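Take a look at the letters that make up each chain.
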Amino acid sequence: MYWNEKVETMSHEELIYIQNERLKDMVHRLYYNVPFYRSKFQNLGLEPEDIKGIEDLSKLPFTTKQDLRDNYPYGIFASPLSEIVRIHASSGTTGKPTVVGYTKKDINTWSELSARAFVAADADRNSVIQIAYGYGLFTGGLGLHYGAEKLCASVIPISTGNTQRQIMLMKDLKTSLIACTPSYAIYLADSIKEQGISLEELNLKSGIFGAEPWPENMRKEIEKKLNITAHDIYGLSEVMGPGVAIECNYKCGMHIWEDHFIPEIVDPNTLEPLPYGTLGELVFTTITKEGMPLLRYRTRDLSILYNETCKCGRTHIRMERIKGRSDDMLIIRGVNIFPSQIENALLEIGEVEPHYQLIITRDGTLDNLEIKVEVTEHLFSDKISGLESLQKNIARKMESALQLSAKITLVEPNSIPRFEGKSKRVIDKRNI
Ligand code: DLL
């Protein structure tokens, strides 16, 4: 089943034709509307007319998260604010978030792509879809919500948290598709079992899970524990949020909607494009977005592209599940965290050394973050009450900087092991 059969199964030649035309339009639009891109072009001695189609893609400049940060908040927008109807934000590398804006047309496209994702996961207008991704600045909730409504399914916009209520509504309202992070899916499954609810009492058939990495054995576990078929869904706020790519029932990679995005795999060190079938960094060029189109956006996600046609009939290229990152971003309980955000927050607090260590563990299915922080010599010899209030202060600041609660452990000066002068910042014990 398809949501948009004509587009989802169109021939490679047709797709390439569409990409060529859209790319040329996009390049013109960015050159004339976004000073940031115009100066990038000028620095490369590139004119919009030099781009005749996707064979010229590698001539185009890359865009990085740092570029978004340097142009915070609206510098990369290609539409005036009067045309922007929605703003989302994701973690930046330091204090400020990465801001993205969508026009009415962008929201329509996003809804179309989310609807395609739901249908790929066997949903239709008779489905009851429980969206347990966060609604808010995070793109998961609202992004999928609009797609589910477009499909005319019945949507339960429950957002995250309150597992008791999630389970009660799932049972009473006969949810047939659940959308949440894979780790929460396992937590839900375990909680359902603990409550003595049998799977026969539920109407669950499938789920779409993403926003964080999850290995194949986790899919098996979710499918078994919930008796559903589990689909991987990928996306990122900068490009479009969920709806960039989804697995079909053959689960041999996620189809990237190539009528809207041109993917590439590049070597993260040399930035040279790599052939299909090779592991490298995923890069996206958006070819229809109006609000904040991006040329060759470096996702920092490591994956592989496969261009052989899939048995499902969809012709759009497939990406392998995310294999890791080419930077130090961590995803903890579905929240993206950069160690530099923690460093920044600590520097603002003072009284502590900028030496810290992040210890991430998985307790059953949920992630825990412990931040060990070295305090100054002077403070360490201070009264216990002083240390306690510092610890509380750090915990509060971290929660507001990261949008995630962390256990704060204050440690003696010089107690975090140093390697070549630097402390080992991250100890990830989750094994994913
Ligand atoms: O996580 C969008 C999303 C929402 C995707 C709901 C899927 C479902 P950001 O918060 O901007 O957007 O985080 C994007 O999350 O660069 C990846 O590192 C990671 N990520 C997203 N989906 C997957 C996935 C949303 N299926 C960052 N597998 C991306 C592994 C994923 N990592």
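What counts and how
Note on numbering: residues in each chain are counted from 1, in written sequence order. This being a predicted model, a pLDDT of at least 70 is required before a residue's local features are given, and a value of 80 or more before pairs of side-chain atoms are given or counted; all residues contribute to the totals for chains, interfaces and linings. As a rule here, side-chain values cover all heavy atoms of the structure and leave hydrogens and water aside. Each axis is a line fitted through C-alpha atoms, taken for helices only over the stretch in contact, and angles between the N-to-C directions span 0 to 180 degrees. Secondary structure elements are defined from DSSP: runs of H or I of at least 4 residues count as helices, runs of E of at least 2 residues count as strands, and each element is numbered from the N terminus. Any angle that is under 35 degrees is reported as roughly parallel, and any over 145 degrees as roughly antiparallel; angles of 65 to 115 degrees are reported as roughly perpendicular and all others as oblique. For a crossing to be left-handed, the near helix must be turned anticlockwise from the far one by less than a right angle; the clockwise case is right-handed. Only heavy atoms matter for contacts: two residues are in contact if any of them lie within 4.5 Å across the pair. Following the grouping adopted for this structure description, the nonpolar residues are Ala, Val, Leu, Ile, Met, Phe, Trp, Tyr, Cys and Pro, the charged ones are Asp, Glu, Lys and Arg, and the polar ones are all others, Gly among them. Any residue with a heavy atom positioned within 4 Å of a molecule or strand is treated as near that molecule or strand. The term polar contact refers here to a pair of N or O atoms within 3.5 Å; inside protein, the definition further demands a hydrogen-donor-capable atom paired with an acceptor-capable atom, and it admits residues adjacent in sequence only when both atoms are side-chain atoms. Computed with a 1.4 Å probe, the accessible areas rest on the Shrake-Rupley method; for each residue, only the protein chains presented here act as cover. Centres within 6.5 Å are what make two rings of Phe, Tyr or Trp a pair, Trp counting through its six-membered ring; a difference in plane orientation under 30 degrees is then read as stacked, over 60 as edge-to-face, and the rest as tilted. A 1.4 Å probe rolled over the protein chains alone gives each residue an accessible area, and that area as a share of the maximum for its type sets the label: buried under 20%, exposed over 50%, partly exposed in between. Side-chain atoms within 4.5 Å are what join buried Ala, Val, Leu, Ile, Met, Phe, Trp, Tyr and Cys residues into a set we call a nonpolar core. By convention here, the domain bounds are inherited from an automatic or database domain assignment. When two parts are put together, the accessible area they lose, computed with a 1.4 Å probe and summed over both, is reported as buried area. Put simply, a salt bridge is a Lys or Arg side-chain nitrogen that is within 4 Å of an Asp or Glu carboxyl oxygen.

A. Main features of the packing of helix α8 (residues 182–194) against helix α9 (residues 216–226). Close contact between α8 and α9 brings their axes to 10 Å; oriented N to C, the two are set at 30 degrees. Classified by the angle their axes make, α8 and α9 are roughly parallel. Between α8 and α9 the crossing geometry is left-handed. Along its contact with α8, which presents Pro182, Ser183, Ala185, Ile186, Ala189, Asp190 and Ile192, the element α9 presents Met218, Glu221, Ile222, Lys225 and Leu226. For the contact of α8 with α9, the per-class residue count stands at 8 nonpolar, 1 polar and 3 charged.

B. Seen up close, the site of the ligand. Around the ligand, a shell composed of 23 residues is seen, among which Asp232, Ile233, Ser237, Asp301 and Asn336 lie nearest. At a separation of 2.6 Å, an oxygen atom of the ligand approaches a polar side-chain atom of Ser237. Protein contacts shield 97% of the accessible area of the ligand, which totals 610 Å² for the unbound molecule. Sorting the residues of the shell around the ligand by element identifies α6 (139–150) and β7 (229–236) as the ones contributing at least two each.

C. Region of interest: the packing of helix α5 (residues 104–120) against α6. It is at 7 Å that the axes of α5 and α6 come closest, and there the two elements cross at 75 degrees. With respect to each other, α5 and α6 are oriented roughly perpendicular. Contacts from Ile107, Trp110, Ser111, Glu112, Ser114, Ala115 and Phe118 of α5 reach α6 at Thr139, Gly143, Leu144, Tyr146, Gly147, Ala148 and Lys150. Here the contact of α5 with α6 is built from residues that sort into 7 nonpolar, 5 polar and 2 charged.

D. Main features of the packing of aromatic side chains. A complete count under the given rule lists 10 aromatic pairs for this structure. Each ring, one from Tyr133 and one from Phe138, has its centre 6.4 Å from the other, and the planes form 55 degrees; the classification is tilted. A relative accessible area of 33% means that Phe138 is categorised as partly exposed. Feature note: the residues Tyr31, Tyr32 and Phe41 constitute an aromatic cluster, connected by ring pairs.

E. Here's a closer look at the nonpolar core. Among the nonpolar cores identified, the biggest contains 64 residues, and Leu60, Phe118, Ile129, Ile208, Tyr234 and Phe284 are the most heavily contacted of them. The leading source of residues in this core is α5, at 7 residues.

F. Quick look at the domain arrangement of the protein. What the domain assignment reports for the protein is domain 1 (1–327) and domain 2 (330–428). Here the C-alpha centroids of domain 1 and domain 2 sit 32 Å apart. Counting residues at the interface gives 16 residues for domain 1 and 11 residues for domain 2. In this assembly, domain 1 packs against domain 2 so that about 1100 Å² is buried in total across both faces, 59% of it on carbon and sulfur atoms. For the domain 1 face of the interface with domain 2, the top three residues by lost area are Ser91, Thr93 and Thr94, together amounting to 34%. One can count 0 salt bridges joining domain 1 with domain 2. For the interface between domain 1 and domain 2, the tally reads 4 residue pairs in polar contact (both at pLDDT 80 or more). With 4 residues, α8 is the largest single contributor of residues to the side of domain 1 that touches domain 2. Its residues placed into classes, the side of domain 1 that touches domain 2 shows 5 nonpolar, 7 polar and 4 charged.

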